[in-house]
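# Working through the structure, step by step
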Amino acid sequence: MCSIEGKGKGKMRGIRMGATKGGGGGGGERVEKLKSSRTKLWMIRATTSVLLWTCIVQLTALGDTWGPHLLKGWPSCFSHQDSSVSVVEDKVPSVPARVLPPKRVYKNNGYLMVSCNGGLNQMRAAICDMVTIARYLNVTLIVPELDKTSFWSDPSEFQDIFDVDHFIMSLRDEVRILKELPPRLKRRVEIGMVYSMPPISWSDISYYHNQILPLIKKYKVVHLNKTDTRLANNGQPLEIQKLRCRVNFSALRFTSQIEELGKRVVKLLRQNGPFIVLHLRYEMDMLAFSGCTQGCNSEEVEELTRMRYAYPWWKEKIINSDLKRKDGFCPLTPEETALILRALDIDNSYQIYIAAGEIYGGQRRMATLAAAYPKLVRKETLLEPSDLGFFQNHSSQMAALDYLVSLESDIFIPTYDGNMAKVVEGHRRFLGFKQTILLERRLLVDLIDQYNSGTLSWYEFSDAVNESHESRKGQPTQRLVIPDRPKEEDYFYANPEECLQPSYSRLDISVGGL
């Protein structure tokens with residue numbers, strides 16, 4: 001542009017000089033030449049402007065599509081670096097550009113709607129299964145609806161917990177995911193014209209091909225109203241298991257608000273050294289559901305029993321707490337947990353982060369654990385009330401914070417093998433077999449009873465606890481398969497071995513030394 005303009009000015013100067021030196025007879029000719037030169041100059045400028053604007057428009061369109069991903073690593077025009085510093089291009093470290101995966105092209109067989117049930121981690125695993133099912137049925141998945149009617153009554157939508165745009169875009173090479181149905185089908189659903197059903201639990205992918213896909217083709221939209229444990233743990237093709245992992249470990253990313261607050265909690269903990277996350281599953285709903293009342297007074301036992309009868313979908317009503325505890329089906333009490341941590345030689349100077357809701361019995365039940373481990377902390381004690389204000393009455397969002405902290409801990413210890421314990425265990429395996437102590441409750445309550453009765457000395461008790469847990473620290477292991485008894489076999493999301501890389505050179509953090 002500058003060179004073109006310069007030439008134009010040169011011509012103008014030449015014309016003016018000619019006009020001054022020449023005689024009167026050639027004045028008309030010089031005027032015509034001047035007009036012609038100005039017209040040419042205008043045309044050159046106009047053409048150049050059009051070309052420049054065309055380039056800008058094309059680059060803008062390219063930036064809208066690929067800018068956040070392809071151009072993210074390019075140096076900024078507004079760099080804060082000192083302009084006097086010259087950077088040699090071949091010495092600039094390459095920043096990997098995140099390019100969106102190409103859309104998978106396939107004939108859409110219909111639409112799949114799903115309503116998840118349960119707590120955060122039960123729903124998390126279900127979402128992974130439903131994405132996988134949608135992919136192998138060649139259907140369009142509508143962003144899953146989360147449970148709002150469970151015990152916790154959490155009103156959170158999918159986008160309140162997970163980064164919904166990342167979820168959709170990161171999986172677009174596998175399955176088409178929409179935030180809602182197309183308008184015509186949406187109106188049909190709103191007036192109740194939708195086929196809704198719960199799929200059979202622990203089914204393999206052939207069940208969905210043979211039973212669910214024909215329904216989708218017939219009705220165009222099928223709504224699966226229960227999603228927990230609907231896909232079998234074992235016997236699935238490798239590509240199905242791999243996709244379940246991809247959704248779990250990559251596509252299901254929490255919202256930036258939850259992620260940032262989780263990082264703050266971890267940073268606060270790291271400032272004071274190593275920390276252990278104790279998933280102390282001793283909340284009111286757990287005790288009422290399981291019927292476990294060890295250490296509770298008579299008023300608490302009555303309250304828990306009333307609660308169990310108040311929820312009709314909790315089918316077991318009459319429960320023998322002592323028998324259930326001896327069989328290992330009860331979460332360890334805070335008092336039992338303190339004893340086990342001491343037996344495992346966990347130093348009382350370590351921070352113990354309690355990942356749980358409100359502990360039933362409050363400070364009275366936590367007194368023994370707090371006396372043994374004075375550095376007990378929770379998100380509520382690490383953060384200001386204003387930091388957690390947005391998350392109040394949103395149990396799934398609070399659980400998401402605990403999930404993030406649990407992943408980053410030096411050791412993770414669950415006192416009950418519920419959904420969070422299992423999913424965190426599997427995620428920590430994926431992150432390099434980070435140490436997770438899986439307590440053998442049936443054995444431990446027997447050892448505790450022997451120690452409390454004086455049958456075992458402290459040293460005998462401690463040795464027995466340590467010896468029995470040497471192989472229960474999250475090491476690489478094969479998933480237990482029990483044909484025809486899926487409820488009793490190992491859960492896929494606790495040990496997704498098809499997706500793991502065994503690391504025999506992994507630095508093993510000892511329990512006593514951390």
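On a predicted model such as this, the values are computed, not experimentally measured, just so you know. (Residues numbered from 1 in each chain as written. Predicted model: local features only at pLDDT ≥ 70, side-chain atom pairs only at ≥ 80, totals over all residues. Heavy atoms only, no water.)

## Re the side chain of Glu 336
In this fold, Glu 336 is placed in helix α13 (residues 334-343). Side-chain polar atoms of Glu 336 contact the backbone nitrogen of Thr 333, separated by 3.0 Å. Contacts of Glu 336, omitting those with residues within four sequence positions, involve Gln 294, Arg 325, Pro 331, Val 445 and Ile 448. (Helix = DSSP H or I, 4+ residues; strand = E, 2+ residues; numbered from the N terminus. Polar contact = N/O pair within 3.5 Å; in protein donor to acceptor, adjacent residues only side chain to side chain. Contact = heavy atoms within 4.5 Å.)

## As for the pairing of strand β1 (residues 111-114)
Residues Tyr 111 and Met 113 point to one face of β1 and Leu 112 and Val 114 to the other, with burial holding for every one of them. Relative to strand β2 (residues 140-142), β1 runs parallel, the two being bridged by 2 bridges. From the neighbouring strand, Tyr 111 faces β2, where its bridge partner is Thr 140. Of the crossover connections in this fold, the one passing from β1 over helix α3 (residues 120-137) to the parallel β2 is right-handed. Two elements, β1 and strand β5 (residues 221-224), share 4 bridges in a ladder whose sense is parallel. Residue pairing for β5: Tyr 111 is matched across the bridge by Val 221. (Buried < 20%, exposed > 50% of the residue type's maximum accessible area, 1.4 Å probe, protein only. Pairing = 2+ DSSP bridges. Right-handed = clockwise from strand over helix to strand, strands pointing away.)

## Things to note about the packing of aromatic side chains
Counted under the stated rule, the structure contains 16 aromatic pairs. Both rings, one in Tyr 207 and one in Tyr 208, keep their centres 5.0 Å apart while their planes meet at 80°; by these two values the pair is edge-to-face. The exposure classification of Tyr 207 matches that of Tyr 208, with both residues buried. These aromatic residues form a ring-pair network of at least three members: Phe 158, Phe 162, Phe 167, Phe 254 and Tyr 403. The ring of Phe 492 carries Arg 244 above its face, with NZ or CZ at 4.3 Å from the centroid. One residue, Arg 342, lies across the ring of Trp 458, its end atom 4.4 Å from the ring centre. (Phe/Tyr/Trp six-rings, centres within 6.5 Å; stacked < 30°, edge-to-face > 60°. Lys NZ or Arg CZ within 6 Å of the ring centre and 35° of its normal.)

## Points about the pattern of salt bridges
Under the counting rule described, the total for this entry stands at 28 salt bridges. For Lys 326, the salt bridge is made with Asp 449, and the minimal N-O distance between the two is 3.8 Å. With Lys 326 in helix α12 (residues 321-326) and Asp 449 in helix α19 (residues 441-452), this pair connects stretches of sequence that are 123 residues apart. Residue Asp 449 is classed as partly exposed on the basis of its relative accessible area, which comes to 30%. Residues participating in the shared-partner salt-bridge network are Arg 135, Asp 173, Glu 174 and Arg 246. (Salt bridge = Lys/Arg side-chain N within 4 Å of Asp/Glu carboxyl O.)

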